[in-house]
Amino acid sequence: MLPPRVRFAPSPTGVLHIGSVRTALFNWLYARHNGGKFLLRIEDTDRVRSTDQNTRLIFEILEWLKLDWDEEPVIQSSRFERHREIAESMVASGMAYRCRCSPDELAAKKAEAVTNGKSYKYDGTCRDEAVDCDQSVIRLRAGQTGTMTVADLVQGSVTIERSQLDDFVLLRSDGAPTYMLSVVVDDHDMGITHVIRGDDHLTNTFKQIQIYEACGWAVPSFAHIPLIYGPDGAKLSKRHGAASAVDYRDLGYLPETISNYLLRLGWSHGDDEIIPRDLAVEWFDLKNVGRSPSRFDMKKLQNLNAHYIRNRDNSSLMNYMLPFLNRDVDDSEKAKILRGMNGLKDRAKTVVDLAESAMTYVEPPSRYDSACSKYATEAHICILRDVIGVLSDVGISETEEQISQRFKDLSKKLEVKLVEVAQAMRAALCGKLVSPSVFQIIEIIGPKDAIDRISAFIQRFVG
Ligand code: GLU
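Source: prediction; values computed, not measured. (Residues numbered from 1 in each chain as written. Predicted model: local features only at pLDDT ≥ 70, side-chain atom pairs only at ≥ 80, totals over all residues. Heavy atoms only, no water.)

**As for the overall build of the protein chain**
Secondary structure assignment for the protein chain yields 18 helices and 12 strands. Over its C-alpha atoms the protein chain spans a radius of gyration of 31 Å, topping by over 25% the 23 Å that the globule rule assigns to 463 residues. Taking the principal axes of the C-alpha coordinates as reference, the protein chain spans close to 100 × 50 × 35 Å. When burial is assessed residue by residue, the protein chain has 50% of its 463 residues classed as buried. (Helix = DSSP H or I, 4+ residues; strand = E, 2+ residues; numbered from the N terminus. Rg over C-alpha atoms; globule rule 2.2 N^0.38 Å. Buried < 20%, exposed > 50% of the residue type's maximum accessible area, 1.4 Å probe, protein only.)

This is how it looks when you write it as structure tokens:
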């Protein structure tokens, strides 16, 4: 087989949907697995709804996910002349014709069909007329007999009666090409061999194949992948929490998590769940893409993210996390966070969690969780005063083990469980009851900072 040429063709009419990202990933993997090319085309034919911001985000997200494209991206709107030229040549060859039916006439016929409970299809009024008028549209002359079969690489063989197809519009009366025409002309000119896209485009495929046939062009292979649904079975949308790729990035999911998660959503390789990029490239094929809709599972995504957070090396995780911190940190603060990274990364489900916990190493808590007040009782405050006493003996370079030994001794002396002492310390040091080891925190922030934080806690609750 010749190396395939595939493309990702998003429309910048909305923020890039996470389902579109999966389409991009499957195309990219197909190209890389088969030594082919992955091309990018921005389908900005809807000039009113397409925005520069949405276009910019498409590039940004593909770069974030390391889905690098080959060749110059194609901007569909810059090719309108070419699309028009093809429509005109189809009229010249008799494969298309001009139609002057007005929108009002068409709407009336459509309404009549609806009233009579019939499905509407253009009735071919202008099919055999020599229309010469500025206000005309160009319609495809659809074949009316026989069947058409698409051997879809995911959906299998799908056949329809050609009589169901109508003479759809290729060029509007203002000279603007329709999506149906632009897609085919561009896929042909870009030498696309495999069209891999969401299964909401399956019905368009039959229309598009007629354009290929009319132009005498080779028809590419098609693979329509099932859409992604929310846990309630409705198409994944903002209503389910987050639906755009940018949302997931901003919620603190790593690109390797999103990539692995989307891959498994609709494609499988035995029972493998953790599939890093290199294995994905090695294993990917369209054969193992499922036909049933995929359900987005937030819990699974979080667990996978926790896995990839634990597996990132500390300094790369640090750099990734910096923009998520609530302020800039200097080199010495960075060094403290890095020392505590092992403790932090074991607990975080997202980089947002990680960044929030990381601030424990550089500044006192800005607030205390309500659960912390449990450790503001008289008895606990007494313990914390003893903790301050112990801390004032801790040397600047003592290790976590040495520090922890001192507190084991204290708990024995006070006849209080160590966990009780440690939780009271945690509330005061971190403002919450879940954190890395308090002894490690003290080792990193130093005894003086620890004393200040505990004093502030006592002050806050006792005055
Ligand atoms: N622009 C279309 C979309 O965003 C994709 C068209 C295609 O892949 O053929 O849904």
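**Here's the deal with the packing of helix α12 (residues 331-345) against helix α17 (residues 438-445)**
Interaxial distance between α12 and α17 falls to 10 Å at its minimum, and their mutual angle equals 170°. In terms of orientation, α12 and α17 fall into the roughly antiparallel class. Here α12 runs over α17; the crossing is right-handed. For the pair α12 and α17, contact is made by Lys-336, Arg-339, Gly-340 and Gly-343 and by Gln-440, Glu-443 and Ile-444, respectively. Classifying every residue of the contact of α12 with α17 by side-chain character gives 1 nonpolar, 3 polar and 3 charged. (Axes fitted to C-alpha atoms, helices over the stretch in contact; angles between N-to-C directions. Parallel < 35°, antiparallel > 145°, perpendicular 65-115°, else oblique. Left-handed = near helix turned anticlockwise from the far one by under 90°. Contact = heavy atoms within 4.5 Å. Nonpolar A, V, L, I, M, F, W, Y, C, P; charged D, E, K, R; others polar.)

**Observations concerning the pattern of salt bridges**
Counting across every chain of the model gives 38 salt bridges. Arg-7 is paired through a salt bridge with Asp-187; the nearest N and O atoms lie 2.9 Å apart. Of this pair, Arg-7 sits in strand β1 (residues 5-8) while Asp-187 is found in helix α5 (residues 179-189), placing the two residues 180 residues apart along the sequence. The salt bridge involving Arg-239 is made with Asp-232; its shortest N-O contact spans 3.6 Å. (Salt bridge = Lys/Arg side-chain N within 4 Å of Asp/Glu carboxyl O.)

**Side note on the layout of surface pockets**
The volume enclosed by the largest pocket comes to roughly 970 Å³. Secondary-structure elements contributing two or more residues to the lining of the largest pocket are β1, α1 (18-33), α5 and β9 (194-198). Considering each element in turn, the lining of the largest pocket owes the most residues, 4 residues, to α1. Taken together, the residues that form the lining of the largest pocket break down as 16 nonpolar, 11 polar and 11 charged. In this structure, the second largest pocket encloses a volume near 300 Å³. Around the second largest pocket, the lining comprises 19 residues; the ones closest to its centre are Glu-356, Met-359, Pro-365, Ser-366 and Lys-432. (1 Å grid on protein atoms, 1.4 Å probe; cavity = no way out; pocket = protein on both sides within 12 Å on 5 of 7 lines; lining within 4 Å. Points joined across faces, edges and corners; volume = space filled by probe spheres on them.)

**Topic: helix α10 (residues 298-311)**
Taking 1.5 Å of rise per residue, the 14 residues of α10 would be expected to cover 20 Å, and the 20 Å separating its terminal C-alpha atoms lies within 8% of that figure. Elements that come into contact with the buried residues of α10 comprise α7 (245-250), α8 (255-264), α11 (314-321), α12 and α13 (351-358). Sitting at the amino-terminal end of α10 is Asp-297, which places a side-chain oxygen 3.1 Å from the backbone nitrogen of Lys-299. (Expected span 1.5 Å × (residues − 1). Polar contact = N/O pair within 3.5 Å; in protein donor to acceptor, adjacent residues only side chain to side chain.)

**Overview of the pairing of β9**
β9 sits mainly inside the fold: 5 of its 5 residues count as buried. Two elements, β9 and strand β10 (residues 221-225), share 5 bridges in a ladder whose sense is parallel. Across the sheet, the residue bridging to Arg-197 is His-224, located in β10. (Pairing = 2+ DSSP bridges.)

**Concerning the packing of α12 against α13**
Here α12 crosses α13 at 130°, and the two axes come no closer than 10 Å. Here α12 is positioned oblique relative to α13, judged by the angle of their axes. Judged by the twist between their axes, the crossing of α12 over α13 is right-handed. Across the interface between the two elements, Ile-337, Met-341, Leu-344 and Lys-345 of α12 pack against Leu-354, Ser-357 and Ala-358 of α13.

**Observations concerning the side chain of Ser-294**
Its location among the elements puts Ser-294 in strand β12 (residues 294-295). Those residues within four positions of Ser-294 in sequence are excluded, and the remaining contacts are Arg-22, Leu-227, Ile-228, Tyr-229, Leu-265 and Gly-266.

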